[in-house]
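Commentary on secondary and tertiary structure
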Amino acid sequence: MEENIDMPPQSLFDAMDVFIGERAANGSFLDGGGLFGTEDAVNFVVRRGEVTRVDGPYAEGKEVVGGWSLMEYASLEEAVADQRLFAELHAKHWPEATVVSTLRQVSEGPEAPGD
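What counts, and at which threshold
Residues numbered from 1 in each chain as written. Predicted model: local features only at pLDDT ≥ 70, side-chain atom pairs only at ≥ 80, totals over all residues. Heavy atoms only, no water. Core = buried A, V, L, I, M, F, W, Y, C linked by side-chain atoms within 4.5 Å. Buried < 20%, exposed > 50% of the residue type's maximum accessible area, 1.4 Å probe, protein only. Helix = DSSP H or I, 4+ residues; strand = E, 2+ residues; numbered from the N terminus. Contact = heavy atoms within 4.5 Å. Expected span 1.5 Å × (residues − 1). Arc of directions from axis to C-beta.

Moving on, we get to the nonpolar core. L12, A15, M16, F19, I20, F29, L89, W94 and A97 together form the largest nonpolar core, which totals nine residues. Here this core takes five residues from helix α1 (residues 10-26), the largest share from any one element. Setting aside its immediate chain neighbours within four residues, A15 contacts L89 and H93.

Our next topic: helix α2 (residues 76-93). With 18 residues, α2 ought to run about 26 Å at 1.5 Å a step, and its terminal C-alpha atoms sit 26 Å apart, in line with that. If you check which residues of α2 are buried, you get A79, D82, Q83, L89, H90 and H93. For α2, the angular spread of buried residues about the axis comes to 105°, placing them on one side. Exposed side of α2, more than 90 degrees from the buried face: E77, R84, A91 and K92 are the residues found there. Residues of α2 that are buried sit in contact with α1 and β4 (67-71).

Next up, the structure:
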């Protein structure tokens, strides 16, 4: 999402409470939360075998990860459909913000996605 924009409207928080509550009740929501802005971040950069801690100032970024959720679905199609509902909540309740909602699978080994 965009960084340093206004707080989301209360209606989005309320809609997300319902959305996450339903998924917690049916067992698909495993964990999640919001993240502070990049001004509070600590980065470690690994370059050519050397580790360096970088505590800003950072190059100006226009988008940051604002939160995350760990979900479990019976199929990829079900996950994609639910991800769309999540994005639609943001479009409805916070239309002035640009939010990218990304769905990624958790890797538990060397298998290919979808295996």
